[in-house]
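Summary of the model geometry
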There are 2 protein chains.
Amino acid sequence: MGRDISIDPMPRSLTLKDIARHAGVSRATVSLVIRNSPRVAKETRSRVQSSIAALGYVYDRAAANLRSRTTHTIGLVVCEITNPFYAELTAGIDEVLDRAGFVAFLANTAESPERQDRFISRMREHKVDGLLLSPAEGTDPSIVDDMHRLGLPVVEMLRHLGGKNADHVGVDFRLGMTLAAEHLIRLGHKRIAFVGGGRRASPSRDRAAAYRQTLARYGLAAGPVIDCMPTREEGARAVGRLLEGDRPTAVLCYNDICAFGVMLGLADRGLTPGRDMAVIGFDNIAEAALYRPALTTVAVGGRLIGQEAANLLLRRIKAPDGAPEMIVMPPKLIVRSSCGARPNHH
Amino acid sequence: MGRDISIDPMPRSLTLKDIARHAGVSRATVSLVIRNSPRVAKETRSRVQSSIAALGYVYDRAAANLRSRTTHTIGLVVCEITNPFYAELTAGIDEVLDRAGFVAFLANTAESPERQDRFISRMREHKVDGLLLSPAEGTDPSIVDDMHRLGLPVVEMLRHLGGKNADHVGVDFRLGMTLAAEHLIRLGHKRIAFVGGGRRASPSRDRAAAYRQTLARYGLAAGPVIDCMPTREEGARAVGRLLEGDRPTAVLCYNDICAFGVMLGLADRGLTPGRDMAVIGFDNIAEAALYRPALTTVAVGGRLIGQEAANLLLRRIKAPDGAPEMIVMPPKLIVRSSCGARPNHH
DNA sequence: TTGCTTTGTTGGATCGATCTAACGGCTCCC
DNA sequence: GGGAGCCGTTAGATCGATCCAACAAAGCAA
């Protein structure tokens, strides 16, 4: 809540009253002009507008907020802004909000639920109109319902906490992983491993489940499955365990970062990804096309998801009691060279 | 009218007055408790605090802002959030602001001065206490001075617009480029090219200048210099012109993204970076260590710069009339394998 | 006892906007 | 002629906090 120190106030600035006096009208009229009300006479409007321009008036949205109970402000809580996928997501959100005249408070939780709680309550203090949340690993699933009960619209992005009346924009991770697995199966692979399925969040569970189901559907045994956090380091380390015993010929990875780690680990052991072992990632971050061998991966379009989420939140703010929406974006398989097939160019 | 048993969908939000009544004190006292004033009796304080907890009160910072003329809010205007370097910068800023109880409005200008102007005026309307600005390409240099005159503290990050009373946190790009060039010269290179110097912003000018000066200092002729935007695509395309005529043996690049493009372009022509041509980047983004060959580059520590900038802005907000500070962070050369030398492990 | 500080608390004014109800002046229509 | 309706405008109340001057109670000195 409160901080201990108070900061020197800024110099007094112009108010509606000053404009009103200058233009010879009332404060209320100036207010109507600023808000583009149609109920103001043309002549009055232009007189007021030139007064505004002449005096260099700056609208005080903070003051307006107090009375109108709406801030044109949303809270953007991101689990890891330094992950390029979430940076894209953020850029997409920013675009949409900009067009709608909204501004976002940014909070980077760095996957810490404590930071996340602190940020959310700070944003409630700032009276944001809504919240865009990509929940940190280990988030208490009840918070979305809590916020909903307190009248604060929330749109979950990607990870789904399981509340029933929750707005959500996500990706059909199962479909994505299924496409990737089927591609490997079509190429003739029989032993297909999975790296990075150890997390409890929904994207992780979905991908691992789709991996198992698809293999089962084609009569193949699953495994080995190596749990690890999605970092390059852990991905590289996972390769050690991957090569123990009956060696797989292909690896599906939880995400691209993970896949980079695996390719790195393979290279360090003298194996060439795409030739000695097929590798497929997930997310299609910018580096995927750049890497050599270029990474076959599943594209989910971070920017697009951000745009969808921002639009959904704006709709929800306008209609708080509308039916919850769950938007699921279909992913695409982007075939490059890390899986040993010839790249297609769609 | 008016006798129905209507259940409020959203309970009216609590105010200081409600807490005051519940705790049997005045509004002013509750306010003092919230702001940790020492002038409240211990017993009163704890009584008020338990009332706050019991009723689930949420402090309304927006209302407080109006009276106190300070919002504990800053504007963060970033030129391209999807560039991993700026994502790191943002994460560093977020850390510092969090600890100080500030929140940032995020704006991603995507290098558009028009978007930037719009964002800045929107933030002025929201009465931010200060601005962290990494100016978009082509920003009108006068805006920093304008904001200063209007009483809004601004800290420039990285690019320097040239105003005299401007706070600025940057990197000694000249030193960084000098270190890189001297490293290549020590390795025996005589024809050293430069790719990506075409932009007008200060980081670009500084790097290109240091390149020329260092070569001159060692009696070497500069060139070829290929102008291009810092994208992978343009970097790759630049390789074509690089190989025309008298072929250089080493390339200094404007930044890592550019260097990745160059390496890609070399590989596409059957040349191996680090063996057939030395390549050095700039920024040390996360992918630099990951790429093969791993990229030799100059590290400037985006996160650290963000932290310094945020701290400087907080100082400036506390003391608006203090002397302007220019903080220059020294970069380090990170030797990996793309320049053909054995990596050191410092 | 009186006079002076210190400590803790308070009611009322205030920040700069929006909201509400009402106003004067006008037209329309029976 | 007068009631109804519309239009552009307005004064005053209001949002939920902070600031300020005043004040009661307690402590201390003379």
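Values in this document were obtained by computation on a predicted structure and should not be read as measured data.

A word on the protein's contact with DNA strand D. Contacts to DNA strand D come from 26 residues, most closely from A:T29, A:T44, B:L16, B:S31 and B:Y57. When atoms of DNA strand D within 4 Å of the protein are sorted by moiety, sugar and phosphate together comprise 70%. One of the side-chain nitrogen or oxygen atoms of B:Y59 is found 3.0 Å away from a phosphate oxygen of DNA strand D. Between B:A63 and DNA strand D, the recorded distance is 3.4 Å, taken from a backbone N or O atom to a base nitrogen. Where the surface near DNA strand D is concerned, the elements lending two or more residues are α2 (27-34) and α4 (61-68) of chain A together with α2 (27-34) and α4 (61-68) of chain B. When the residues that make up the surface near DNA strand D are grouped by side-chain class, the tally is 11 nonpolar, 7 polar and 8 charged.

It is worth spelling out the pairing of strand β11 (residues 326-329) of chain B at this point. Residue and element names in this part refer to chain B. Every second residue of β11 is oriented toward a common face, the buried set being I327 and M329 and the non-buried set M326 and V328. Summarising the sheet, strand β5 (residues 167-171) and β11 pair through 4 bridges and their orientation is parallel. Each bridged residue has a counterpart across the sheet, and for V169 the counterpart in β11 is I327.

Another aspect to go through is the protein's contact with DNA strand C. Close to DNA strand C lie 25 residues; A:L16, A:S31, A:Y57, B:T29 and B:T44 are nearest. For DNA strand C, the fraction of atoms within 4 Å of the protein that belong to sugar or phosphate moieties is 68%. Taking B:T29, its side chain carries an N or O atom lying 2.7 Å from a phosphate oxygen of DNA strand C. Take B:T44: an N or O atom from its side chain is 2.3 Å from a phosphate oxygen of DNA strand C. Among the elements that make up the surface near DNA strand C, the one with the highest residue count is α4(A) (5 residues). Residues of the surface near DNA strand C, tallied by class, amount to 11 nonpolar, 6 polar and 8 charged.

Residues and elements named next belong to chain A. According to the domain assignment, chain A consists of domain 1 (16-59), domain 2 (71-172 + 302-330) and domain 3 (173-299 + 333-339). Taking only C-alpha atoms, the centre of domain 2 and the centre of domain 3 are 29 Å apart. At the interface, 10 residues of domain 2 touch 12 residues of domain 3. The three residues of domain 2 that bury the most area against domain 3 are E137, R159 and D172, which together make up 46% of that side's buried surface. Our count for the domain 2 to domain 3 interface comes out at 0 salt bridges.

Grouped together as the largest cluster of nonpolar side chains are 153 residues, with contacts concentrated most on A:L132, A:L252, B:L132 and B:L252. If sequence neighbours within four positions are ignored, B:L252 has contacts with B:M177, B:A180, B:A181, B:L184, B:I192, B:A193, B:F194, B:V195, B:Y211 and B:I280. The next biggest cluster of nonpolar side chains, apart from the first, holds 33 residues, and it includes A:F105, A:A107, A:L161 and A:A166.

Conventions and cut-offs
- Residues numbered from 1 in each chain as written.
- Chains lettered and ligands numbered in written order.
- Predicted model: local features only at pLDDT ≥ 70, side-chain atom pairs only at ≥ 80, totals over all residues.
- Heavy atoms only, no water.
- Near = heavy atom within 4 Å.
- Polar contact = N/O pair within 3.5 Å; in protein donor to acceptor, adjacent residues only side chain to side chain.
- Helix = DSSP H or I, 4+ residues; strand = E, 2+ residues; numbered from the N terminus.
- Nonpolar A, V, L, I, M, F, W, Y, C, P; charged D, E, K, R; others polar.
- Buried < 20%, exposed > 50% of the residue type's maximum accessible area, 1.4 Å probe, protein only.
- Pairing = 2+ DSSP bridges.
- Domains from an automatic or database assignment.
- Contact = heavy atoms within 4.5 Å.
- Buried area = accessible area lost by both parts, 1.4 Å probe.
- Salt bridge = Lys/Arg side-chain N within 4 Å of Asp/Glu carboxyl O.
- Core = buried A, V, L, I, M, F, W, Y, C linked by side-chain atoms within 4.5 Å.

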